[in-house]
Amino acid sequence: MKEYRPQEIEEKWQKVWEEKGVFHTPQRSEKPKYYALVMFPYPSGTLHVGHVKNYVIGDIVARYKRMRGYNVLHPFGYDAFGLPAENAAIEKGIHPEEWTRKNISIIRKQVKRLGISYDWNREIATCDEEYYKWTQWIFLQLYKNGLAYKKKAAVNWCPKCKTVLANEQVKDGKCERCGTSVTIKHLEQWFFKITDYAERLLNDLEKLTGWPEHVKTMQRNWIGKSTGAEIEFPVEGSDTKIRVFTTRPDTLWGVTFMALAPESPLVEELVPDDRKEDLQAFLERVKQQDRFKRTSVEAEKEGFFLGRYAVNPVNGERVPIYVANYILMEYGTGAIMGVPAHDQRDFAFARKYGIPIKVVIKPVDGELDPDKMEEAYEGEGIMVNSGPFTGTPSKEGIEKVINWLEEKGIGKRSVQYKLRDWLISRQRYWGAPIPIIYCEKCGTVPVPEEDLPVRLPKDVEFLPTGQSPLSFHEGFKKTKCPICGGEAQRETDTMDTFVDSSWYFLRYVNPHLDDKPFEPDDVNYWLPVDQYIGGVEHAILHLLYSRFITKVLHDLGYLNFDEPFTNLFTQGMIYKDGAKMSKSKGNVVSPDDMIEKYGADTLRMYILFMAPPEKDAEWSDAGIEGVHRFIRRLWNTFYTILPHVKEETVEGLSLTTPVEKELRRKLHSIIKKITEDIEGGFKFNTAISGLMELINHLNQYLSGVPEDQWNRKLLREIAENLTLVLSPFAPHLAEEFWHELGQEGLVVQQSWPSYDPKALEVEEMEIAIQINGKVRDKILVPVDISEEELKKMVMERERVKEYIDGKTVKKFIYVKGRIVNIVI
Ligand code: ANZ
Ligand code: ZN
């Protein structure tokens with residue numbers, strides 16, 4: 001028998017696919033379209049099997065949909081700008097471009113060896129001039145429409161990476177990449193006004209019925225909408241008013257202090273001269289604190305009394321004004337009204353500084369004693385000590401108080417979002433330069449679209465200075481003002497790489513178009529993406545930014561859809577030795593090694609078989625061995641029947657024995673199962689179990705029936721259909737089988753098989769029912785019925801019941817396939 005040599009077969013068919021261009025997607029077709037997209041990788045090194053999982057899932061979808069008659073767009077590319085390339089440049093002295101291109105060619109080779117059905121004509125890299133030209137174009141569209149602006153901002157700064165980090169890139173106060181504690185710097189930075197879209201980004205989540213609920217929840221929390229009121233508290237002895245945002249206007253009568261964020265400009269304004277020095281010391285200390293930690297409930301509260309008082313506008317009470325470490329400048333108004341009885345952080349603060357605690361919400365079934373309380377009562381209840389609102393249920397009170405505040409002109413309804421504008425400036429080299437020019441006469445001038453791209457110069461020096469290498473590059477910096485022609489300077493910041501990846505799914509449609517980022521007609525045909533597949537680590541930022549940019553381009557008239565991804569699938573991770581794979585832990589499983597040892601088809605099948613694809617799974621060497629053994633068995637089985645079916649056709653198939661009928665029933669029920677497993681939501685692992693089951697049945701038949709009695713037409717039907725349903729999972733193997741069967745064309749160009757519902761029907765037989773030796777009834781039952789099931793059916797027959805008539809059944813005898821005898 002022919003030996004299974006996966007590497008040979010795989011290389012051969014990959015070449016054929018490439019030469020015949022079978023995966024090149026026509027821009028238009030009679031067929032319905034299907035856009036299957038996987039998240040493109042960051043080319044920082046070689047791929048591990050976790051990436052492979054992403055691409056294999058995508059490939060199953062793409063191959064299946066192709067066989068289902070869709071015109072499938074399945075592209076691949078690289079998120080190629082970013083910090084690691086630049087750090088490599090500093091550490092190893094390689095130019096970021098060289099480093100990136102080298103990694104890209106390694107990854108491309110790795111992916112090609114997996115036999116993924118990408119349209120390689122559409123390959124893109126975000127660091128290509130022909131790509132980033134259009135990233136810059138997108139910046140200009142936002143700028144021209146007031147959605148890109150520059151401001152001095154307190155930014156997160158990583159002292160090790162020497163760069164600004166977006167809030168999103170700070171995890172527990174530490175740099176997401178290197179783990180160093182993040183500090184604060186004030187710099188002029190470019191922002192995208194994503195907050196203008198907060199409400200739509202939130203509401204439109206409801207349209208996304210094809211997204212996992214947990215991802216939508218993460219997006220909702222990130223946007224963080226709060227409704228409440230803004231209220232002004234006049235400062236005693238001054239014209240200044242402190243504006244606060246609260247979600248609990250029902251607690252207004254319980255305010256016993258005010259607190260300002262350390263960064264609030266009001267702090268300097270209100271502090272009396274004699275307290276300035278102490279204040280400075282305090283501010284220096286708390287501004288150092290981690291901005292994320294210091295606002296948590298557990299964090300130690302620290303405050304500084306400004307020596308001033310504010311007046312509660314609802315009852316005229318005089319309350320002290322503090323600066324407190326747990327107030328953030330970036331949220332609400334940067335100031336709060338302190339209600340210790342009903343807010344835990346205020347409670348801790350009040351206890352520490354001896355501030356009175358005043359109860360204004362009474363639990364429905366109890367009393368609160370401010371002296372004995374051990375924590376704030378944050379729940380609902382009845383308003384007490386609250387002037388005209390005393391006795392009102394607190395939930396209703398919120399609405400009523402807001403209306404009352406608005407009538408009196410003391411406050412107004414307010415909605416706040418946690419979402420901040422998107423900081424896109426990076427003081428780094430390896431990114432798309434922000435297309436802005438500064439002219440002394442004309443101010444900030446956008447680069448005219450016809451002058452794009454603003455090219456990254458190649459000859460730059462990489463020094464760990466914290467300033468962009470572009471800012472030392474006179475040739476880059478010096479330019480002419482597009483308006484007055486005078487001497488001017490280029491912006492030297494580059495864009496956050498999340499900008500690059502916020503629109504790449506549009507570029508795949510027209511990857512090499514050079515006068516437009518995309519052709520609106522084409523994009524409107526292909527998008528939204530029908531199935532997006534990627535890791536849950538991108539559940540917030542990348543998806544939110546992509547949704548935002550899509551909405552902006554929609555509003556500007558370029559797109560006729562405003563959500564980019566109709567269906568989203570987040571795959572689980574692959575662990576090794578109980579841990580996430582990483583180079584530093586030395587537990588990375590390389591796809592190349594696995595392909596070397598077992599072939600790509602085994603690797604693909606194992607990754608899909610190890611667990612439901614949305615679940616995390618643990619890599620097991622024994623597991624891949626097992627799948628490989630199955631594939632060898634499949635191979636051997638195929639070559640056992642091949643001589644018997646090679647010249648055969650399915651036409652004229654007839655079944656004579658029950659064993660043949662049963663085998664055909666198995667075939668068709670497994671076609672049905674695999675189809676439903678794929679359609680019904682990525683149940684690839686059980687689809688593969690189905691394949692295994694079929695091979696078992698086939699082998700039982702082959703060993704149970706003498707070779708000269710094999711039903712060749714039936715075996716031919718099995719061989720053909722098995723090959724077809726196998727083909728998305730193990731495409732090389734399937735291609736080889738298809739060829740061996742003497743079929744015309746490639747398996748990838750075939751239609752998905754449909755099952756024969758008739759084959760699924762179970763044959764029935766007639767059983768006579770005797771009672772005390774006399775035939776009294778007859779019953780039709782499936783041939784493979786068990787005695788137990790049969791007995792149940794028999795005993796429920798009306799005629800049988802009549803004869804038994806409450807008497808005890810002494811015996812129930814079943815002569816298989818013929819007769820039942822009941823003795824009463
Ligand atoms: C008074 C009050 C009484 C509050 C009470 C809560 C309970 P969310 O839901 O997250 O929007 N707050 C407002 N701005 C703040 C800032 N810049 N830094 C820190 N805390 C701030 O939270 C809104 C609540 O968080 C607001 O409602 C305010 O405290 C506080 F029984 O006002 B509350
Ligand atoms: Zn000018």
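Residues numbered from 1 in each chain as written. Chains lettered and ligands numbered in written order. Predicted model: local features only at pLDDT ≥ 70, side-chain atom pairs only at ≥ 80, totals over all residues. Heavy atoms only, no water.

**Student:** Help me get a handle on the site of ligand 1, residues and values and all.
**Tutor:** Taken together, 17 residues are adjacent to ligand 1, and Ser-226, Thr-246, Leu-328, Tyr-331 and Lys-418 come closest. At a separation of 2.7 Å, an oxygen atom of ligand 1 approaches a polar side-chain atom of Lys-418. Protein chains shield 85% of the accessible area of ligand 1, which is 650 Å² for the free molecule. Mapped by element, the contributors of at least two residues to the shell around ligand 1 are β11 (241-246) and β15 (335-338). (Near = heavy atom within 4 Å. Polar contact = N/O pair within 3.5 Å; in protein donor to acceptor, adjacent residues only side chain to side chain. Areas by Shrake-Rupley, 256 points an atom, 1.4 Å probe, with all protein chains shown as cover. Helix = DSSP H or I, 4+ residues; strand = E, 2+ residues; numbered from the N terminus.)

**Student:** Outline empty space enclosed by the protein, listing residues and values.
**Tutor:** Per the stated rule, a full pass over the model turns up two cavities of 30 Å³ or more. Residue composition of the lining of the largest cavity, by class: four nonpolar, one polar and two charged. Taken as a whole, the second largest cavity spans an internal volume of roughly 40 Å³. Taken together, Leu-634, Thr-637, Phe-638, Ile-641, Ile-695, Leu-698, Ile-718, Ala-719 and Leu-722 form the lining of the second largest cavity. Of all the secondary structure elements, the ones that give two or more residues to the lining of the second largest cavity are α19 (621-645), α21 (684-704) and α22 (712-726). (1 Å grid on protein atoms, 1.4 Å probe; cavity = no way out; pocket = protein on both sides within 12 Å on 5 of 7 lines; lining within 4 Å. Points joined across faces, edges and corners; volume = space filled by probe spheres on them. Nonpolar A, V, L, I, M, F, W, Y, C, P; charged D, E, K, R; others polar.)

**Student:** Describe helix α16 (residues 541-555), listing the residues and the values that go with them.
**Tutor:** Given a rise of 1.5 Å per residue, 15 residues ought to cover 21 Å, and the 21 Å separating the end C-alpha atoms of α16 matches this to within 8%. Among the 15 residues that make up α16, 13 are buried, leaving the element largely enclosed by the rest of the structure. Gly-557 occupies a position one or two residues after α16 and carries a positive phi of about 90 degrees. (Expected span 1.5 Å × (residues − 1). Buried < 20%, exposed > 50% of the residue type's maximum accessible area, 1.4 Å probe, protein only.)

**Student:** With reference to specific residues and values, describe unusual backbone geometry.
**Tutor:** Backbone geometry follows two general trends: most residues other than glycine have a negative phi, and most peptide bonds adopt the trans configuration. Cis geometry is found at the peptide bond from Leu-452 to Pro-453, where omega equals 0 degrees. Pro-528 follows Leu-527 through a cis peptide bond whose omega is 0 degrees. Inspection of the secondary structure assignment puts Pro-528 in the loop between α15 (520-526) and β26 (531-535). For Phe-682, which is not a glycine, the phi torsion comes out positive at approximately 60 degrees. Inspection of the secondary structure assignment puts Phe-682 in the loop between α20 (658-679) and α21. A positive phi angle, close to 50 degrees, is found at Asp-805, a residue other than glycine. Within the fold, Asp-805 resides in the loop between α26 (798-804) and β33 (811-815). What makes Asp-805 exposed here is its relative accessible area of 55%.

**Student:** Tell me about the packing of aromatic side chains, residues and numbers included.
**Tutor:** Tallied over the full model, the rule gives 54 aromatic pairs. For the ring pair Phe-76 and Tyr-78, a centre distance of 5.4 Å and an interplane angle of 85 degrees mean the geometry is edge-to-face. Accessibility assignment for this pair places Phe-76 and Tyr-78 in one class, buried. With 5.9 Å between their ring centres and 70 degrees between their planes, Phe-76 and Trp-120 make a pair best called edge-to-face. Here Phe-76 is found in the loop between β2 (71-73) and β3 (77-78), whereas its partner Trp-120 is found in the loop between α4 (96-113) and β4 (124-125), with 44 residues between them in sequence. With respect to class, Phe-76 is no different from Trp-120; both count as buried. Over the ring of Trp-157 we find Lys-185, and its NZ or CZ is 4.0 Å from the ring centre. Stacked on the ring of Phe-476, the Lys or Arg Arg-490 has its end atom at 5.8 Å from the ring centre. (Phe/Tyr/Trp six-rings, centres within 6.5 Å; stacked < 30°, edge-to-face > 60°. Lys NZ or Arg CZ within 6 Å of the ring centre and 35° of its normal.)

**Student:** Pulling in residues and values, what's your account of the nonpolar core?
**Tutor:** For soluble globular proteins, the rule of thumb is that nonpolar side chains tend to be buried together. In this structure, Trp-619 and Phe-729 are the most contacted members of the largest nonpolar core, which totals 186 residues. Excluding residues within four positions of it along the chain, Trp-619 makes contact with Val-49, Ile-574, Tyr-575, Lys-576, Val-589, Met-594, Leu-603, Tyr-606, Ile-607, Met-610 and Ile-624. Phe-282, Val-319, Val-401 and Leu-405 belong to the second-largest nonpolar core, a separate cluster that totals 38 residues. (Core = buried A, V, L, I, M, F, W, Y, C linked by side-chain atoms within 4.5 Å. Contact = heavy atoms within 4.5 Å.)

**Student:** With reference to specific residues and values, describe the pattern of salt bridges.
**Tutor:** As enumerated under the stated definition, the model contains 59 salt bridges in all. For the salt bridge of Glu-86 with Arg-428, the shortest nitrogen-to-oxygen distance reads 3.4 Å. In this pair, Glu-86 sits in helix α3 (residues 83-92) while Arg-428 sits in the loop between β20 (425-426) and β21 (436-439), placing the two residues 342 residues apart along the sequence. The exposure classification of Glu-86 matches that of Arg-428, with both residues buried. When the shortest N-O distance is used, the salt bridge between Lys-646 and Glu-740 registers 3.5 Å. One end of the pair, Lys-646, is in the loop between α19 and α20; the other, Glu-740, is in helix α23 (residues 731-740), and 94 residues separate them in sequence. Three or more residues joined by partner-sharing salt bridges are found here, namely Arg-200, Asp-204, Lys-207, Arg-547, Lys-551, Asp-555, Asp-562 and Glu-563. (Salt bridge = Lys/Arg side-chain N within 4 Å of Asp/Glu carboxyl O.)

**Student:** With reference to specific residues and values, describe the state of the cysteines.
**Tutor:** This model, assessed by the stated rule, comprises zero disulfides. Cys-178 forms no disulfide, and the closest cysteine sulfur to it belongs to Cys-158, at a distance of 3.6 Å. (Disulfide = S-S within 2.5 Å.)

**Student:** Any details on α3? Residues and values, ideally.
**Tutor:** Quick reminder: α-helices carry 3.6 residues per turn. Residues three or four places apart thus point the same way. Regarding α3, the residues found buried are Leu-83, Ala-85, Glu-86, Ala-88 and Ala-89. Where the residues of α3 are buried, they touch α4 and β6 (163-165).

**Student:** Break down the sheet that holds strand β5 (residues 148-158) for me, citing the residues and quoting the values.
**Tutor:** Across a sheet, paired strands are connected by hydrogen bonds in the backbone, their directions being either parallel or antiparallel. Taken together, the four strands give an open sheet; going across it, the order is β6-β5-β9-β19, and neighbouring strands pair in antiparallel fashion. The two strands at the open ends of the sheet, each matched to only one other strand, are β6 and β19 (422-423). When strand β9 (residues 183-192) meets β19, the two strands line up antiparallel, connected through two bridges. Looking across to β19, one finds that Phe-191 is bridged to Leu-423. (Pairing = 2+ DSSP bridges.)

**Student:** Which residues make up the coordination of the zinc ion (ligand 2), and what values go with them?
**Tutor:** Bound to the zinc ion (ligand 2) on the protein side are Cys-439 (SG), Cys-442 (SG), Cys-481 (SG) and Cys-484 (SG), at distances that span 2.2 to 2.4 Å. Relative to the metal, the four donor atoms surrounding the zinc ion (ligand 2) lie at angles of 106 to 115 degrees, and the coordination shape comes out tetrahedral. Read in sequence order, the donor residues for the zinc ion (ligand 2) give the motif C-x2-C-x38-C-x2-C. Separated by 42 residues along the polypeptide, Cys-442 in the loop between β21 and β22 (443-446) and Cys-484 in the loop between β23 (478-480) and β24 (487-490) bring together distant segments of the chain. When its relative accessible area of 33% is taken as the criterion, Cys-484 is described as partly exposed. (Donors = N, O, S within 2.8 Å, 3.2 Å for Na, K, Ca; no water. Tetrahedral: all angles 85-135°; square planar, octahedral: opposite > 155°, others 65-115°.)

**Student:** Could you give an account of the layout of surface pockets, naming the residues involved and the relevant values?
**Tutor:** Here the second largest pocket defines a volume of roughly 510 Å³. Lining the second largest pocket are 20 residues, and of these Gln-14, Lys-15, Glu-18, Lys-112 and Arg-113 sit closest to its centre. Those elements that provide at least two residues to the lining of the second largest pocket are α1 (6-20), α4 and α17 (591-598). Among the elements that take part in the lining of the second largest pocket, α1 stands out by supplying seven residues, more than any other. Tallied by class, residues from the lining of the second largest pocket come to six nonpolar, six polar and eight charged.

**Student:** I'd like to hear about the environment of His-342, residue by residue, with values.
**Tutor:** Here His-342 lies in the loop between β15 and α10 (344-353). A relative accessible area of 4% places His-342 in the buried class. Leaving out residues up to four positions away in the same chain, His-342 has contacts with Arg-248, Thr-251, Lys-358, Val-359, Val-360, Ile-361, Leu-368, Ala-376, Tyr-377 and Glu-378.

**Student:** Residue-level account of the sheet that holds strand β30 (residues 617-618), with values.
**Tutor:** Spatially, the three strands line up as an open sheet ordered β29-β28-β30, and their pairing is mixed. The open sheet has two edge strands with one neighbour each: β29 (579-580) and β30. Of the strand pairs in this sheet, strand β28 (residues 574-576) and β30 are connected by two bridges, and their pairing is parallel. Looking across to β30, one finds that Tyr-575 is bridged to Glu-618.

**Student:** Run through the packing of helix α7 (residues 213-223) against α16, naming residues and quoting values.
**Tutor:** Two elements in contact, α7 and α16, have axes whose closest approach is 10 Å; the angle formed by their N-to-C orientations is 75 degrees. By the criterion of interaxial angle, the relationship of α7 to α16 is roughly perpendicular. Of the residues in α16, those touching α7 at Val-215, Gln-219, Trp-222 and Ile-223 are Leu-541, Leu-543, Leu-544 and Arg-547. Grouping the amino acids of the contact of α7 with α16 by side-chain chemistry returns six nonpolar, one polar and one charged. (Axes fitted to C-alpha atoms, helices over the stretch in contact; angles between N-to-C directions. Parallel < 35°, antiparallel > 145°, perpendicular 65-115°, else oblique.)

Keep in mind these values describe shape, not function.
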